[in-house]
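Spelled out from the first residue to the last, the chains are:
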Amino acid sequence: MDLKRINDHVSVSGQISPEDVATLKSLGFVAIVNNRPDGESPDQPAGEEIEAAAKAAGLAYHAIPLGREGVNAELVEKTKAVIEGSDGPVFCFCRSGTRSTTLWALSQAGEMDASEIISQAAEAGYDMSHLAGILSRS
């Protein structure tokens, strides 16, 4: 698991396994957000396996899959609700962390300055500069 911290409240990574959940719990995360649709790759664990591990560890689990249909307002609002509704750090994952970072960035539009969103994402290794116009308009 290649965990990348965006800020004090959100971290992202690529695909995790059910065995990674205990580590996430020990790192202080209170919620896991799965942004990867099931079945993208044959070696990918099913979301329900990670959900079961999260619940067994006492972590909240949220499935907000971002697939081929692309980003929409509902996915952004669900992401925002999880982040705002969590009483501690939130961990989001997808295949590489990019979709998770994109949803985080869009969920923060209007809450944070666009340059700050882009900067925090860049510090974690994700280029969100292509969203500058959208992040500035919200």
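About the criteria used
Residues numbered from 1 in each chain as written. Predicted model: local features only at pLDDT ≥ 70, side-chain atom pairs only at ≥ 80, totals over all residues. Heavy atoms only, no water. Helix = DSSP H or I, 4+ residues; strand = E, 2+ residues; numbered from the N terminus. Buried < 20%, exposed > 50% of the residue type's maximum accessible area, 1.4 Å probe, protein only. Expected span 1.5 Å × (residues − 1). Arc of directions from axis to C-beta. Polar contact = N/O pair within 3.5 Å; in protein donor to acceptor, adjacent residues only side chain to side chain. Axes fitted to C-alpha atoms, helices over the stretch in contact; angles between N-to-C directions. Parallel < 35°, antiparallel > 145°, perpendicular 65-115°, else oblique. Contact = heavy atoms within 4.5 Å. Nonpolar A, V, L, I, M, F, W, Y, C, P; charged D, E, K, R; others polar.

(A) Here's a closer look at the environment of Gly125. Inspection of the secondary structure assignment puts Gly125 in the loop between α5 (114–123) and α6 (132–137). The class for Gly125 is exposed, based on a relative accessible area of 56%. Along the sequence, Gly125 and Ile6 sit 119 residues apart, while their C-alpha atoms lie 8.9 Å from each other.

(B) Geometry of helix α3 (residues 73–85). Helix length check: α3, at 13 residues, gives a terminal C-alpha distance of 18 Å against a target of 18 Å (1.5 Å per residue), a fit within 8%. For α3, the complete set of buried residues consists of Leu75, Val76, Thr79, Lys80, Val82 and Ile83. Buried residues of α3 fall within an arc of 165 degrees about the axis and therefore sit on the same side. Structural note: α3 exposes Ala73, Glu84 and Gly85 on the side pointing more than 90 degrees away from its buried face. Taking the backbone nitrogen of Glu74 as reference, a side-chain oxygen 3.0 Å away marks Asn72 as the first, capping residue of α3.

(C) Examining the packing of α3 against helix α4 (residues 98–108) more closely. Put simply, α3 and α4 touch, their axes get as near as 8 Å, and they point 80 degrees apart. Accordingly, the angle class assigned to the pair α3 and α4 is roughly perpendicular. Contacts from Leu75, Val76, Thr79, Lys80 and Ile83 of α3 reach α4 at Leu103, Trp104, Leu106, Ser107 and Gln108. By residue class, the composition of the contact of α3 with α4 is six nonpolar, three polar and one charged.

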